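# Architecture at a glance
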Amino acid sequence: MSIEVKNITKRFGSFVALDNVSLEIPTGELVALLGPSGCGKTTLLRIIAGMESLDEGQVLFHGEEATHVEARERNVGFVFQHYALFRHMSVFENVAFGLRVKPRAQRPSEAAIRDKVMSLLKLVQLDWLAERYPSQLSGGQRQRIALARALAVEPKVLLLDEPFGALDTQVRKELRRWLRRLHDEMHIASVFVTHDQEEALEVADRVVVMNKGHIEQMGTPDEVYTAPATPFVYKFLGNVNVFHSRLKGPWAKVEQPEGDGKGEGGSTAFVRPHEIDILREQREHALAATVQHVQAIGPLVRVELTHESEIIEVELTRDRHLELQLNAGDQVWLLPKQVTVFASAKAEPQRWAPDWVI
Amino acid sequence: MKVRRAAAETPAVRWTLTAIGVGFLIFFLGLPLIAVFVEAFRSGWAPYWEALQEKDTLHAVGLTVLVAVVVLPFNIAFGVAAAWAIAKFEFWGKSLLTTLIDLPFAVSPVVAGLLFILIFGANGWMGPLLQSHDIKIIFALPGMIIATLFITFPYIARELIPLMQAQGREEEEAAVSLGATGFQMFWRVTLPNIKWGLLYGVILANARAMGEFGAVSVVSGHIRGETNTLPLHVEILYNEYNSVGAFAAASVLALLALVTLIAKTIVEWRMAKETEMLNAALPTEKTAS
């Protein structure tokens, strides 16, 4: 079932949590709502689930008006960050809950409930824990049970609120992959909320980046990472070096890519750390910088440099680092491979690959 | 040289503090309890048993139980509703309601009794109306029930509010998203989660309902064999120099208190276990990001 939200506005007192947000999620798609805390992503998810009221706008399920349908009638599977398992019920009873509360006419027989619950527990590979209580499970196990519970009522939409936020890195990675597989098998629309960009980029078909109650950008993980639509997205997804209003010096052209700008104060240039090359010898347009710190992190080597008072971060491959043999205090020159310029915070980005690139 | 932790007291200080604590307990709690039973059995078993068989005493026991039995269901309903509203919803006037729930703790029971006389008494606000319909509240059972309700109101709500706040709303939201109706949610999720806290509150409220003297004394009118609860009856017997009768009746109340204490301890123990489960149910893993 597809989900559509149209022009949703939600206020808490004078705080605007969502400001005229519209979004469409077709069946079969796994969408990530990504943003910093307080950006309204959880509120949007709760509005879709019917757990939160909205001030203006519409929620449509499969093209049908669902704005005022009660949460219990929306047929939405909801997974909470802190699992929200019924702590006084066994794992089996937790998963069976959605079936047991069905109206008598629709309620499956005890044997059918048993089969359904056990098959779901097998699906999440925890059938051996059926008689345990939530308090006896690890976090990852609890979240898998919570998912099985949500799936028991065969929801048409699966909503997950920071589902892996409370888990450690190893478990998270495993559950992410597992969620992706599960989603592909179910053929439903799924939305998950996260503040972890890596998680969003890795799992989702489409990423919706939110900030301060509105959507900054929607697109495939690759789109939002390689072609951020706003300065916020640039900064939120991955590391970036920001150059404010550079009018003079070697990178002056950054300011006026087409030579038409008069150098407004608000314009900024963004360069990702891996899009900068370090040179040992001076070259035209290259920026002089001093190496402050070199640190190898996994497959990359992170170099921190200063140009005048600015700090610039550069990521090199290990091979490149071996060639350069950088040490703190070295005088080097920097050349960007790609620069994105925003004339102002709201302006269209201008991507610009300098012609001097090697 | 003996090494002592910086924060540790000397044995002398520890012993003194313990002695003061134990001494206080024996003198103010233990001795009176023993005295009640010693006085009750001063003339032996037979007079004690006879005193308990006395018609008015039996009636007082019955009335005390009746008041408690009527009051507790109301208290449970009000207490759960108020705690639920305060713990799980945001609404205008919430802090006022929270304060009002504590009012019976703050007001002297005698004053509370007088308040009800002012409202329902013959010369009170509603007196003429009640009289014209021949309804008797003051100096009758309804007045005693109302006064006891007022006095015992905070116990259950007070017990449940922090518990429900700690549990949050997520489990209930999960129940609703799984298709549960409001009633199913309450019955299958909310109630099982608060049952020990609720029982604890009921035990405290019950103890207070049976033991209440001041407020009930004011509204009861002390009609012997009619509106005398056990605590009031004890006073009357004592004032009549019927020491065995008074202490025999008091011993029933004391026994009741002991039963309450035992029940309370068992429930507390169960609650501690539940809290352990609650804490264990909270996420233990933390993310690095």
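Not measured: the values here are computed from a predicted model.

Once that is clear, we can look at the overall build of chain A. Looking only at helices and strands, one finds ten helices and 19 strands in chain A. When its C-alpha atoms are laid out on the principal axes, chain A stretches across 80 × 45 × 35 Å. For chain A, buried positions account for 53% of its 358 residues. Sequence separation of at least 24 residues holds for 65% of the intrachain contacts in chain A that already meet a minimum separation of 6. Surface summary for chain A: the accessible area is close to 16000 Å², and the carbon and sulfur share equals 48%. Across chain A, 42 positive and 49 negative side-chain charges occur, with their mean positions spaced 6 Å apart.

The next point concerns helix α9 (residues 170-177) of chain B. Of all eight residues in α9 of chain B, six are buried; the element is thus mostly enclosed. Of all the positions in α9 of chain B, only E171, E172, E173, A174, A175 and S177 of chain B are classed as buried. Residues of α9 of chain B that are buried sit in contact with α1 (41-49), β6 (76-79), α2 (91-100) and α4 (139-152) of chain A together with α3 (55-88) and α10 (182-211) of chain B. Downstream of α9 of chain B by a residue or two, G179 of chain B has a phi angle that is positive, lying close to 105 degrees.

Considered as a void within the structure, the largest pocket measures approximately 490 Å³ in volume. G50, M51, E52 and A71 of chain A together with V176 of chain B are, among the 26 residues lining the largest pocket, the residues nearest its centre. Every element with two or more residues in the lining of the largest pocket is listed here: α3, α9 and α10 of chain B. Split by residue class, the lining of the largest pocket holds eleven nonpolar, seven polar and eight charged.

Looking now at the interface of chain A and chain B. Chain A puts 34 residues into the contact, and the matching count from chain B is 28 residues. Between chain A and chain B, roughly 2800 Å² of surface is buried when both sides are summed, and carbon and sulfur atoms account for 55% of that area. Of all residues in chain A, R72, R87 and V101 of chain A give up the largest surface area on contact with chain B, accounting jointly for 26% of the area buried on that side. Between chain A and chain B we count two salt bridges in total. Put simply, E171 of chain B and R87 of chain A hold a salt bridge, and the shortest N to O gap is 2.6 Å. Viewed at the interface, chain B and chain A are joined by seven residue pairs in polar contact (both at pLDDT 80 or more). Of all the elements in the fold, those that place two or more residues in the side of chain A that touches chain B are β6, α2 and α4 of chain A. The biggest single contributor to the side of chain A that touches chain B is α4 of chain A, with five residues. Counted by class, the side of chain A that touches chain B contains 17 nonpolar, nine polar and eight charged residues.

Our next topic: the confidence of the model for chain A. Model confidence for chain A is summarised by a mean pLDDT of 85, while 91% of its residues fall at 70 or above. For the stretch residues 252-264 of chain A, pLDDT sits under 50, and the model shows 21 contacts to residues farther than four places along the chain or on other chains.

Residues and elements named next belong to chain A. Read across the sheet, six strands follow the order β6-β7-β8-β3-β9-β10 without closing on themselves; strand pairing throughout is mixed. On the outer flanks of this sheet lie β6 and β10 (214-219), each paired with one strand and no other. Adjacent strand axes in the sheet meet at a mean angle of 15 degrees, parallel and antiparallel pairs treated alike. Here five bridges tie strand β9 (residues 206-211) to β10, and the two strands are oriented antiparallel to one another. The residue of β10 that forms the bridge with N211 is H214. In the packing of α4 onto the sheet, the strands contacted are β6 and β7 (157-161), and the crossing angle to β6 comes to about 170 degrees.

By way of backbone hydrogen bonds, the strands of a sheet pair with one another, either parallel or antiparallel. Residues and elements named next belong to chain A. An order of β13-β17-β14-β15-β16 is seen for the five strands of this open sheet, with the pairing classed as antiparallel. The sheet is open, and its two edges are formed by β13 (276-279) and β16 (310-317), each paired on a single side. Pairwise comparison of adjacent strand axes, ignoring direction, gives a mean angle of 45 degrees for this sheet. Examined bridge by bridge, β13 and strand β17 (residues 331-336) share four bridges and lie antiparallel to one another. Residue pairing in the sheet places I276 in a bridge with P336 of β17.

Before going further, it helps to spend a moment on the domain arrangement of chain B. All names here are of chain B. Its domain assignment divides chain B into domain 1 (1-40) and domain 2 (45-281). Computed from C-alpha coordinates alone, the two centres of domain 1 and domain 2 are separated by 33 Å. Contacts between the two partners involve six residues from domain 1 and, on the opposite side, ten residues from domain 2. Of the roughly 610 Å² buried between domain 1 and domain 2, counting both surfaces, carbon and sulfur atoms make up 82%. Linking domain 1 with domain 2 are zero salt bridges. Where domain 1 touches domain 2, the interface holds zero residue pairs in polar contact (both at pLDDT 80 or more).

With that settled, the discussion passes to α2 of chain A. In terms of burial, α2 of chain A is a largely internal element, nine of the ten residues being buried. Packing partners of the buried residues in α2 of chain A comprise α3 (110-123) and α4 of chain A together with α9 and α10 of chain B.

Okay, the nonpolar core next. In a soluble, globular protein the nonpolar side chains are often hidden away together inside. Counting residues in hydrophobic clusters, the biggest one holds 64 residues, and the most contacted among them are L44, F97 and L159 of chain A. Counting residues per element, this core draws most heavily on α10 of chain B, which supplies eight residues. Grouped together as the second largest cluster of nonpolar side chains are 49 residues, Y83, V91, L179 and F232 of chain A included.

To continue, consider the packing of helix α6 (residues 109-120) of chain B against helix α8 (residues 141-167) of chain B. Residues and elements named next belong to chain B. It is at 10 Å that the axes of α6 and α8 come closest, and there the two elements cross at 135 degrees. The angle between the axes of α6 and α8 places the two elements in the oblique class. Crossing of α6 against α8: the hand is right-handed. Along its contact with α6, which presents P109, A112, F116 and F120, the element α8 presents I146, A147, F150 and I151. Looking at the contact of α6 with α8 residue by residue, the class counts come to eight nonpolar, no polar and no charged.

Moving on, we get to the pairing of β6 of chain A. Two faces, one strand: in a regular strand the side chains alternate between the faces of the sheet. Residue and element names in this part refer to chain A. Alternating residues of β6 divide into V76 and F78 and G77 and V79, and every residue in both groups is buried. Pairing of β6 with β7 involves four bridges; the strand directions are parallel. Across the sheet, G77 pairs through a bridge with L158, a residue of β7.

The rules behind these values
Residues numbered from 1 in each chain as written. Chains lettered and ligands numbered in written order. Predicted model: local features only at pLDDT ≥ 70, side-chain atom pairs only at ≥ 80, totals over all residues. Heavy atoms only, no water. Helix = DSSP H or I, 4+ residues; strand = E, 2+ residues; numbered from the N terminus. Buried < 20%, exposed > 50% of the residue type's maximum accessible area, 1.4 Å probe, protein only. Contact = heavy atoms within 4.5 Å. Areas by Shrake-Rupley, 256 points an atom, 1.4 Å probe, with all protein chains shown as cover. Lys, Arg positive; Asp, Glu negative; His and termini not counted. Charge placed at Lys NZ, Arg CZ, Asp CG, Glu CD. 1 Å grid on protein atoms, 1.4 Å probe; cavity = no way out; pocket = protein on both sides within 12 Å on 5 of 7 lines; lining within 4 Å. Points joined across faces, edges and corners; volume = space filled by probe spheres on them. Nonpolar A, V, L, I, M, F, W, Y, C, P; charged D, E, K, R; others polar. Buried area = accessible area lost by both parts, 1.4 Å probe. Salt bridge = Lys/Arg side-chain N within 4 Å of Asp/Glu carboxyl O. Polar contact = N/O pair within 3.5 Å; in protein donor to acceptor, adjacent residues only side chain to side chain. pLDDT = per-residue confidence, 0-100. Pairing = 2+ DSSP bridges. Axes fitted to C-alpha atoms, helices over the stretch in contact; angles between N-to-C directions. Domains from an automatic or database assignment. Core = buried A, V, L, I, M, F, W, Y, C linked by side-chain atoms within 4.5 Å. Parallel < 35°, antiparallel > 145°, perpendicular 65-115°, else oblique. Left-handed = near helix turned anticlockwise from the far one by under 90°.

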